Amino acid sequence: MMSGLSSIETLRTRRSGVQPSISIRVWHRIQERIRNPALRSMLSRIIATVRPSTTTQTGVEDAELMRLGLFRMPGFIDPSQAAQLREILSTFPCRDPWKPHVGTFRFDDAPAGTHVADIPAAPTLRVLHELALDQRLLRMAAAYFGCRPYLDSVQAWWSLPGNKDPEEAENYHRDNDSIRFLKFFLYLTDVDDMHGPHCFVTESHTVSSLLDRRRFTDSEVQACFGNERLLKITGCAGDAFMEDTFGMHKGQLPYSGRRLLVQFRYSIMPTVFRSPLTVEEVTSYNPTEVTSLLYERP
Ligand SMILES: O=C(O)CCC(=O)C(=O)O
């Protein structure tokens, strides 16, 4: 899949500054107020009936993802592929999504106080599109949604150490991106306890507690869910996981070392957080398996 220099190839951008339509924005405001997990699940089943179906055979990973809200894929890509991707992504300028006025900077020369160094060029990289169209991921998303998934965004960012207090998504929260959606996370650096592991409360995607649209403290989450369900996902470069991030989660504040992560969002509906551009299609794209919002089709 990733062969030598071809993997650095960027895809021609067809449109930039792409914004979600008014109807998607309105629906977003409605669905984010629907907090009850059972009601959300029922609505998503109704939506699935009007989306094209896919012929998927469900597997053990689907049952685990449904039950826990998480499915881990150690060694999703091998360490040399992860190193290659890390090298590629290290060459691109970054920006702080929470402080856009700061402008762009290199990941290893970030302004003091930067927690997240996002790589805006990520959705133009051919190699990331090829990964996002991986059959394992599309099949899992189709099984989870009960219909053909949308590929909504392709992202990559560094999580940086050197800060005392957590910022934004470094605090526990639930995502409200869509009525049903999944995020795929791929570590491109080794992630131990110090390097900002992703944390997830297993089964919380189906639990009607701490449903407010806000950030939560560690002690609130601990008091509500107990320690047994709090999972810190450490791992090696190349390890990945699929997660329903309506479940309670955070990226722990890194204490040392930088964490590089790739993330794809699959959803039952287009979201307001879609990647803000379209690019030329890659040959592995099969629109009967997934609808990629990053391509343009009539
Ligand atoms: O950086 C992380 O591990 C957490 C990211 C996150 O909260 C999200 O993508 O919703």
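Residues numbered from 1 in each chain as written. Predicted model: local features only at pLDDT ≥ 70, side-chain atom pairs only at ≥ 80, totals over all residues.

Participant: How do you make sense of the site of the ligand when you look at a structure like this?
Facilitator: Around the ligand sit Ser159, Ala169, Asp175, Lys183, His198, Thr245, His249, Lys250, Gly251 and Gln263, and that is every residue in its neighbourhood. Broken down by element, the residue count for the shell around the ligand peaks at 3 residues, all from strand β11 (residues 249-251). Taken together, the residues of the shell around the ligand break down into 1 nonpolar, 6 polar and 3 charged. (Near = placed C-beta within 6 Å. Helix = DSSP H or I, 4+ residues; strand = E, 2+ residues; numbered from the N terminus. Nonpolar A, V, L, I, M, F, W, Y, C, P; charged D, E, K, R; others polar.)

Participant: Can you walk me through unusual backbone geometry in this structure?
Facilitator: The phi torsion of most residues other than glycine is negative, and most of the peptide bonds are trans. Phi angles above zero are rare outside glycine, and glutamate 168 is one such case at about 45°. The residue glutamate 168 is located in the loop between β6 (150-159) and β7 (181-187) in this model. Of the residues examined, glutamate 168 has 13 C-beta atoms within 10 Å and is grouped as partly exposed. The residue leucine 210 is not glycine, and still its phi comes out positive at about 45°. (Buried ≥ 20, exposed ≤ 12 C-beta atoms within 10 Å, placed from the backbone.)

Participant: Any chance you could explain the sheet that holds strand β8 (residues 198-201) here in plain terms?
Facilitator: Sheet strands pair by backbone hydrogen bonding; their relative direction is either parallel or antiparallel. Strand order in the open sheet formed by 3 strands is β9-β8-β11, and the pairing between neighbours is antiparallel. Of all strands in the sheet, those with a lone pairing partner are β9 (230-233) and β11, marking the two edges. Each strand axis lies, on average, 15° off the axis of its neighbour in the sheet, ignoring direction. The pairing of β8 with β9 spans 4 bridges and is classified as antiparallel. When the sheet's bridge partners are listed, phenylalanine 200 is paired in β9 with leucine 231. (Pairing = 2+ DSSP bridges. Axes fitted to C-alpha atoms, helices over the stretch in contact; angles between N-to-C directions.)

Participant: Teacher, can you tell me more about the nonpolar core here?
Facilitator: Generally speaking, soluble globular proteins have nonpolar side chains that are buried together. Within the largest apolar cluster, 68 residues are counted, with the highest numbers of intra-cluster contacts made by Ala141, Leu186, Leu188 and Leu261. If we ignore the near neighbours within four places in the chain, the residues touching alanine 141 are Pro149, Leu182 and Tyr266. (Core = buried A, V, L, I, M, F, W, Y, C linked by C-beta atoms within 7 Å. Contact = placed C-beta atoms within 7 Å.)

Participant: Can you help me understand helix α4 (residues 79-90) in this one?
Facilitator: Counting along an α-helix, one turn takes 3.6 residues, and residues three or four places apart therefore face a common direction. Helix length check: α4 (12 residues) gives 16 Å between terminal C-alpha atoms against 16 Å at 1.5 Å per residue, within 8%. For α4, the full list of buried residues reads Ala82, Gln84, Leu85, Ile88 and Leu89. Taken end-on, α4 shows its buried residues confined to a sector of 160°, consistent with a single buried face. Of the exposed residues in α4, those oriented more than 90 degrees away from the buried face are Ser80 and Glu87. Of the surrounding elements, those touching the buried residues of α4 are α5 (126-132), β6 and β12 (259-267). (Expected span 1.5 Å × (residues − 1). Arc of directions from axis to C-beta.)

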